[in-house]
Amino acid sequence: MGTRVNLIGLQRNDYKGGDSTLCQGCGHNSISNQIVAVCYDLSINPHDVIKLSGIGCSSKSPAYFLNRSHGFNALHGRMPAIATGSTTANNRLIAIGVSGDGDTGSIGLGQFKHMVRRNVPVVYIVENNGVYGLTKGQFSATADIGQELKYAGMNELPPIDICLEALAADASFVARSFAGDSKQVRELLKAAIRHRGTAVLDIISPCVTFNNHESSTKSYPYGKAHEEPLQDITFIPEQEPIIVDMMEPGQVQAVELHDGSHLVLKKLDPDKHDPTDKMAAFRLIEEAREANQFITGLIYVEEDRPTLAETSHMVDTPLVHLTDEQLRPPREKLDRLLDHLTCCN
Amino acid sequence: MSNVQSSPIDSLLTDHQPIVNDFQIMIATVNGSGSQTANTAILRALFRMGIPVSGKNIFPSNIQGLPTWFTIRLSKDGYTARRMDYQILVAMNRTTAAEDIKELPPQGVCLYPEEWQIQHDRDDITYYPIPVKALVDASDTPSNLTSYVSNMAYVGVLATLLNIDMEQIRFALDFHFDGKAKPVNMNMAIVTAAYEWAQDNLAKTDPYMVEPMDKTQGMLLLDGNSAGALGSVFGGVSFSAWYPITPSTSMIDSLRAYLSDLRTDPETGLATYAVVQAEDEIGAIGMVIGAGWAGARAMTATSGPGLSLMTEFAGLAYYAEVPAVVWDVQRMGPSTGLPTRTAQGDVLTAYFLGHGDTKHPVLFPRDVHEAFEFGWKAFDLAERLQTPIFVLSDLDLGMNLWMSEPFDYPDTPMDRGKVLTAEDLEELDGFARYADVDGDGIGYRTLPGTDHPKAAYLARGTGHNEQARYSERPEDWVKNMERLNRKFDTARSLIPAPDVDEAGAEIGLIAYGTTHACVVEARDRLEAEGIATDYLRLRALPLNGVTRDFIEQHSRIYVVENNTDGQMAQIIRMEFPDLAPRVFSLAYSDGLPLTPRWLTAAVLEQER
């Protein structure tokens with residue numbers, strides 16, 4: 001028996017990255033592993049992927065997956081700009097962005113919302129732990145009110161909710177997950193990669209060093225005890241038909257993505273949530289916040305919202321594939337323009 | 001005002017020698033009153049008559065209501081620098097009229113709306129009241145448009161007084177309105193009515209006249225922002241991101257217009273480019289760097305405050321070695337400064353933009369011709385050197401109309417720099433992104449999407465080794481910075497070389513960018529005063545041996561620039577410390593372009 005390969009003949013090893021330098025048990029490492037698994041499962045060519053990040057613990061992680069993909073470790077909070085420029089220059093690239101709660105919720109909140117508003121095609125993962133790790137334990141803007149940290153004391157301010165900010169900016173894909181729930185992270189990642197606009201994945205990813213105590217809603221113990229998945233999620237690639245028998249009316253919802261793949265959502269509570277209803281999504285987040293619930297799953301999806309390339313009325317050919325002849329207009333065009341400007345024709 | 005039977009020109013007083021094609025008209029208006037159409041019509045008509053002209057709009061940071069001055073300089077000798085004095089005042093702004101009239105020299109001329117009924121306080125100038133309201137009322141202009149066309153009254157009166165060719169005014173309006181008959185006719189009707197009224201009613205008692213020449217045949221009249229944008233299009237730009245800021249905004253407006261014309265796919269009607277209006281300048285430069293990293297020719301245009309916001313990204317692009325083109329159309333700083341006034345105040349900032357040991361090639365276009373040239377060359381340099389290239393224009397160049405020889409189509413193919421393809425990688429069996437293979441400090445890069453297992457690398461602002469892997473090793477850091485310095489030395493020979501005009505004079509002038517117009521005229525004046533000067537015009541930073549040689553060959557060097565701190569002089573002294581004692585700074589900045597009168601006096605003061 002040979003080594004297992006995927007549809008394009010690559011082994012799982014072909015998707016791995018360098019050794020992680022993050023803390024042992026860090027939630028971010030588990031997310032990196034899921035990215036490797038998902039890209040292998042979907043038979044994505046690593047050279048079609050770009051890995052983008054800002055600054056912080058989370059933003060180091062692109063070095064720990066997909067060594068055969070180009071990457072850009074950018075500035076604190078400014079990965080959205082790099083994602084916008086690179087995906088607009090080459091629309092064939094699959095952009096996987098990894099950010100953190102400091103990166104997205106504080107310094108980069110403006111860029112984040114404008115990227116979402118433009119519907120830039122990028123999988124935008126926020127590895128959210130409510131704390132600044134690299135600078136050793138300050139509160140981030142997503143920290144819970146009333147939370148206590150060893151050195152920072154008590155947090156008096158309400159948290160910024162990444163999913164709510166994304167929804168308010170007209171996001172076309174919003175999901176929340178928990179790094180400890182590998183299966184859900186995996187299925188959401190698959191759908192996010194196949195989604196054609198910005199897919200925001202707010203993944204609670206505990207910081208084992210600075211913020212992993214019971215009182216933090218961004219800790220393993222809390223997440224494991226309180227996670228309330230909205231749906232049982234299964235991603236079905238475009239090659240595979242959906243088995244109609246699975247469809248139980250009222251219980252199962254299939255969301256068709258642009259490439260013909262499906263996200264099959266089995267509702268765990270039939271009254272709970274319709275992820276194509278934006279008002280319901282707003283309500284869901286606010287109510288969960290009031291009730292201190294840790295809701296995970298697909299919160300909102302709108303597959304038809306045009307992407308930046310579409311609103312820019314661009315050709316399908318990647319701009320970086322245009323030939324020099326296509327890039328530089330011919331001499332006659334300049335002559336014609338100059339003729340119009342010149343005295344005294 | 002007495003009616004006269006003969007033509008005003010015939011009645012020109014014989015005791016004054018006529019002053020032909022060598023004076024300045026100043027038109028004082030209220031911002032937002034639509035005077036730009038009238039002013040550019042006069043400018044373009046004179047240009048079409050073959051007379052060298054330059055126009056400068058001195059305007060406020062305001063949408064409507066504050067004073068605006070537009071100067072039109074006619075110079076039979078072809079000088080285009082700003083002239084401080086004006087001989088003909090078109091006073092259309094009541095608020096500033098008294099001050100504006102006071103500045104007129106003896107024999108000066110003042111045109112003003114008759115309705116003002118102002119006192120003719122000065123007996124050494126000629127007042128010509130214009131019945132603006134009556135002329136507009138007599139026309140069949142729709143009432144909602146009267147304020148737009150009323151400025152045409154002074155166009156017609158000036159045409160009579162100065163003898164401007166009416167046919168050329170019509171051509172100018174036709175150009176302005178892009179051949180649309182309705183606005184052309186409506187405006188021309190007022191011009192004609194005013195022209196005829198003046199023919200019948202004004203007795204000319206001033207000496208100023210225009211006569212056709214042949215000095216502009218084959219030349220064009222354009223603003224620097226448009227020229228730079230057009231040059232960028234012929235440089236193959238395919239991505240631009242920007243945030244509106246005066247005075248750079250019209251560059252991207254022009255860029256969009258030219259791209260829409262020249263880079264729309266004929267079959268699909270879709271754009272082969274993208275222009276993204278960013279949320280701020282940080283986003284704009286970030287997008288440009290993202291696109292440049294992915295392999296597109298990408299640019300942004302901004303001004304001082306925007307440049308400040310781009311600082312961190314400029315450092316990242318320098319260190320991660322990503323091509324980008326940044327146009328800085330300079331305005332007055334520090335801080336918000338004077339957003340609608342010109343300066344060369346960002347030289348030091350642009351040169352060193354970033355933290356740590358950061359430095360960048362900077363280009364200084366002197367006029368619209370060079371704005372076009374640097375428009376396309378900047379991309380070749382950016383991709384060859386894999387680094388951001390800054391092009392420092394200014395408001396004077398960017399937003400004013402300048403005469404120019406026609407632009408030259410790029411004479412070299414696009415230089416895409418050192419990019420490895422999948423085939424190259426197969427042959428080489430991989431690559432090290434930041435290795436100095438050729439000894440010029442420039443590594444080889446691959447573009448995302450390259451179909452080869454060894455194509456990838458992680459671009460980063462963190463410390464890295466030749467393989468682009470994170471490294472905190474001191475020797476890796478030092479080696480990388482030494483290579484970057486080697487690359488900067490390579491840049492010294494790749495950037496546009498200085499333009500040198502020397503004939504063995506004892507003193508030398510060094511200038512750059514738009515101050516060139518001032519230097520040209522001041523040198524003639526100094527020559528007339530018996531002071532010969534040699535001249536080196538810097539076209540770019542970093543400096544190289546040409547500049548060093550020039551300084552060595554002169555006892556005294558005056559560095560002329562439109563800022564307060566003498567920024568280029570500081571750079572020259574820093575780079576050539578042994579020559580510093582002979583480098584003197586002549587720097588001045590008051591919001592307006594430097595004048596030959598100031599520069600001549602400044603040099604004379606030093607030399608006498």
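1. Regarding the overall build of chain B
And then number 1: For chain B, the count of helices and strands is 21 helices and 23 strands.
And then number 2: Against the globule reference of 25 Å for 608 residues, chain B gives a C-alpha radius of gyration of 27 Å, in line with a compact fold.
And then number 3: Considering only C-alpha atoms, chain B reaches an extent of 90 × 65 × 40 Å along its principal axes.
And then number 4: Across the 608 residues in chain B, those meeting the buried criterion constitute 53%.
And then number 5: Considering only contacts in chain B between residues 6 or more positions apart, those separated by 24 or more positions represent 77%.

2. Re the overall build of chain A
And then number 1: Along the backbone of chain A there are twelve helices and 15 strands.
And then number 2: The C-alpha radius of gyration of chain A comes to 22 Å, within 12% of the 20 Å expected for a compact globule of 345 residues.
And then number 3: With respect to the principal axes defined by its C-alpha atoms, chain A has extents near 80 × 55 × 50 Å.
And then number 4: When each of the 345 residues of chain A is scored for burial, the buried share is 53%.
And then number 5: Once local pairs closer than 6 in sequence are excluded, the contacts in chain A between residues at least 24 apart make up 69%.

3. Things to note about the pairing of strand S15 (residues 294-301) of chain A
All names here are of chain A.
And then number 1: Counted residue by residue, S15 has seven buried out of eight residues, so it is predominantly covered.
And then number 2: Sheet analysis places strand S9 (residues 173-178) next to S15, joined by four bridges and oriented antiparallel. Of the residues in S15, the one forming a bridge with alanine 175 is leucine 298.

4. Examining the domain arrangement of chain B
And then number 1: Taken domain by domain, chain B holds domain 1 (19-217), domain 2 (222-404), domain 3 (422-494) and domain 4 (499-607).
And then number 2: On a C-alpha basis, the centres of domain 1 of chain B and domain 3 of chain B stand 59 Å from each other.

5. Some words on helix H3 (residues 79-89) of chain A
And then number 1: For H3 of chain A, the tally of buried residues reaches eleven of eleven residues, placing the bulk of the element in the interior.
And then number 2: Every buried residue belonging to H3 of chain A is among Met79, Pro80, Ala81, Ile82, Ala83, Thr84, Gly85, Ser86, Thr87, Thr88 and Ala89 of chain A, and all of these are buried.

6. Points about the interface of chain A and chain B
And then number 1: The interface of chain A with chain B comprises 49 residues on the first partner and 63 residues on the second.
And then number 2: Only strand S2 (70-73), H3, helix H5 (109-118), helix H11 (324-327) and helix H12 (331-341) of chain A provide two or more residues apiece to the side of chain A that touches chain B.
And then number 3: The leading source of residues in the side of chain A that touches chain B is H3 of chain A, at eight residues.
And then number 4: Its residues placed into classes, the side of chain A that touches chain B shows 23 nonpolar, 18 polar and eight charged.
And then number 5: In this structure, S2 of chain A lies alongside strand S17 (residues 458-460) of chain B, joined through three bridges in parallel fashion. Counted as the bridge partner of asparagine 73 of chain A is arginine 460 of chain B from S17 of chain B.

7. Some details on the pairing of S2 of chain A
All names here are of chain A.
And then number 1: Residue alternation in S2 divides its side chains into two sets, His70 and Phe72 and Gly71 and Asn73, and both sets are buried.
And then number 2: Relative to S2, strand S1 (residues 49-53) is paired through four bridges, and the arrangement is parallel. Opposite leucine 52, over in S2, you have phenylalanine 72 as the bridge partner.

8. Notes on the sheet that holds strand S2 (residues 22-30) of chain B
Residue and element names in this part refer to chain B.
And then number 1: Strand order in the open sheet made by the six strands is S3-S4-S2-S5-S6-S7, with mixed pairing throughout. The open sheet has two free edges, formed respectively by strand S3 (53-58) and strand S7 (126-130), since each of these has just one partner strand. Averaged over neighbouring strand pairs, the angle between their axes works out to 15° when direction is ignored.
And then number 2: Direction of pairing for S2 relative to strand S4 (residues 67-75): antiparallel, over a ladder of nine bridges. Paired with aspartate 22 across the strands is serine 75, a residue of S4.
And then number 3: In this fold helix H1 (residues 35-48) packs onto S2, S3 and S4, with an angle of close to 165° to the strand it touches most, S3.

Definitions and limits used
Residues numbered from 1 in each chain as written. Chains lettered and ligands numbered in written order. Predicted model: local features only at pLDDT ≥ 70, side-chain atom pairs only at ≥ 80, totals over all residues. Helix = DSSP H or I, 4+ residues; strand = E, 2+ residues; numbered from the N terminus. Rg over C-alpha atoms; globule rule 2.2 N^0.38 Å. Buried ≥ 20, exposed ≤ 12 C-beta atoms within 10 Å, placed from the backbone. Contact = placed C-beta atoms within 7 Å. Pairing = 2+ DSSP bridges. Domains from an automatic or database assignment. Nonpolar A, V, L, I, M, F, W, Y, C, P; charged D, E, K, R; others polar. Axes fitted to C-alpha atoms, helices over the stretch in contact; angles between N-to-C directions.

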